[in-house]
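# Understanding the architecture of this molecule
Listed below are the residues making up each chain.
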Amino acid sequence: MNHFLDIHKTGAADLRHMIDHAREMKAARLGRPKGALDDEQPLKDHVVALIFEKPSTRTRVSFDVGVRQMGGTTILLSGTEMQLGHGETIADTAQVLSRYVDLIMIRTFDESVLTEMAEFADVPVINGLTDRTHPCQIMADVMTFEEHHGPIRGKKVVWAGDGNNVCASMLHAAGQFGFDMTITGPSQLDPEDEFIGFARKAGSKITIERDPYKAVAGADLVVADTWVSMHDSQSAKERRHNMLRGYQVNDDLMAAAGKDALFMHCLPAHREEEVTSSVMDGPQSVVFDEAENRLHAQKAVMRWCLGV
Ligand code: CP
Ligand code: NVA
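Residues numbered from 1 in each chain as written. Chains lettered and ligands numbered in written order. Predicted model: local features only at pLDDT ≥ 70, side-chain atom pairs only at ≥ 80, totals over all residues. Heavy atoms only, no water.

### Let's talk about the site of ligand 1
Contacts to ligand 1 come from S56, T57, R58, T59, R107, H134, Q137, C266, L267 and R294. Within the side chain of S56, a nitrogen or oxygen atom sits 2.7 Å from an oxygen atom of ligand 1. When ligand 1 is considered free in solution it has 250 Å² of accessible area, and contact with the protein chains removes 96% of it. Considered class by class, the residues forming the shell around ligand 1 number two nonpolar, five polar and three charged. (Near = heavy atom within 4 Å. Polar contact = N/O pair within 3.5 Å; in protein donor to acceptor, adjacent residues only side chain to side chain. Areas by Shrake-Rupley, 256 points an atom, 1.4 Å probe, with all protein chains shown as cover. Nonpolar A, V, L, I, M, F, W, Y, C, P; charged D, E, K, R; others polar.)

Right, here's the structure in full:
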């Protein structure tokens, strides 16, 4: 069963195929209305369940539109409206949904919900973000980097700020796609050793550098994300902001990175917090290409999952 649970759990050759396939599908749609069907309709007669236990704009819309373009249909489910949110087990939910739909995408809190869903489902399951990882985002990020700057292998990616779920998937991608990463942030918010260990074991150079200006020297890409993720307690907001303030991506930091460095952010961004508007809307930013590429990358992920 081709579940797409995490970047380190998917073969490197399959990941490469998905990125290249996504680029081909994007090129084939150039200039067409968003709702136009693809020439091929590989998801014709397929139904995809999209389960959200956390808010979403990009993941929700890009999966829905992607399925429609490929000729399929979706069912959008919010966790609280499902019996899952009222005591039905994940295992039972997975088995029931497998009788109705061909593919399940789930955004949830605890990673164990995702893995249990995959264990008991008879259809492929896709990780649409958990507290620990966000692999679909990073597929779009790799695709976007390569569109602008060519192969990502051997390049230097700098992660500035919280070593969170998106950072974890970037570390997995560093190992699988063969690029190096420098993480710059406060020690309390370093990524878990497991994620760093995976990338290092795969041969990537992973550096922790507390000084953000030193960190970005020679960067090909600088990445930021929110300082307070959906799974973080709101009561920790002020403390986190105080710890992270020095890691804001602003014009000075991008100047230290050099004019060829790209800037990415998975969005939603908190302007003037983790990133200034001058960077978000500036010439080095590719954040809206990155958001668009969620659509194309996930279409390739879904086709890989279904083998269509
Ligand atoms: N980047 C991302 O996953 O955005 P949403 O939370 O809007 O889906
Ligand atoms: N780290 C963020 C990513 C949102 C897409 C969060 O988990 O809230």
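### Re the packing of aromatic side chains
Inspection of the entire model under this criterion finds one aromatic pair. When the ring of F4 is compared with that of W304, the centres are 6.4 Å apart and the planes differ by 80°; the resulting orientation is edge-to-face. Within this pair, whereas F4 is found in the segment before α1 (12-28), its partner W304 is found in helix α12 (residues 287-306), the two being separated by 300 residues in sequence. Taking the relative accessible area as the measure of exposure, F4 reaches 0% and is therefore buried. Looking at W304, the relative accessible area reads 13%, which means it is buried. Sitting over the face of the ring of F109, K54 holds its NZ or CZ atom 4.8 Å from the ring centroid. (Phe/Tyr/Trp six-rings, centres within 6.5 Å; stacked < 30°, edge-to-face > 60°. Helix = DSSP H or I, 4+ residues; strand = E, 2+ residues; numbered from the N terminus. Buried < 20%, exposed > 50% of the residue type's maximum accessible area, 1.4 Å probe, protein only. Lys NZ or Arg CZ within 6 Å of the ring centre and 35° of its normal.)

### So, the environment of P186
The topology assignment puts P186 in the loop between β6 (180-184) and α7 (193-201). On the basis of relative accessibility, which here comes to 9%, the residue P186 falls in the buried class. The sequence separation of P186 and V279 amounts to 93 residues, and the corresponding C-alpha distance is 22 Å. With residues near it in sequence (within four places) discarded, P186 still touches G161, R210, M243, L244 and Y247. (Contact = heavy atoms within 4.5 Å.)

### Details of the site of ligand 2
Neighbouring ligand 2 are the residues L129, N164, N165, V166, D225, T226, S229, M230, C266 and L267. One nitrogen or oxygen atom from the side chain of N164 is found 3.3 Å from a nitrogen atom belonging to ligand 2. A distance of 2.7 Å separates a nitrogen atom of ligand 2 from a polar side-chain atom of D225. In isolation ligand 2 exposes 270 Å². Once the protein is present, 95% of that is buried. Its residues placed into classes, the shell around ligand 2 shows five nonpolar, four polar and one charged.

### Overview of the pattern of salt bridges
Overall, the coordinates contain 19 salt bridges when judged by the stated rule. Measuring nitrogen to oxygen at the nearest pair gives 3.0 Å for the salt bridge that ties R132 to E111. Placement of the pair is R132 in the loop between β4 (125-127) and α5 (135-149) and E111 in helix α4 (residues 111-120), with a sequence separation of 21 residues. One exposure class covers both R132 and E111, and it is buried. Between R271 and D281 there is a salt bridge; the shortest N-O distance is 2.8 Å. In this pair, R271 is assigned in the loop between β9 (262-265) and α11 (277-280) and D281 in the loop between α11 and α12, connecting sequence segments ten residues apart. Each of E111, R132, E192 and E194 takes part in one network of salt bridges that share partners. (Salt bridge = Lys/Arg side-chain N within 4 Å of Asp/Glu carboxyl O.)

By themselves these figures say nothing about function.
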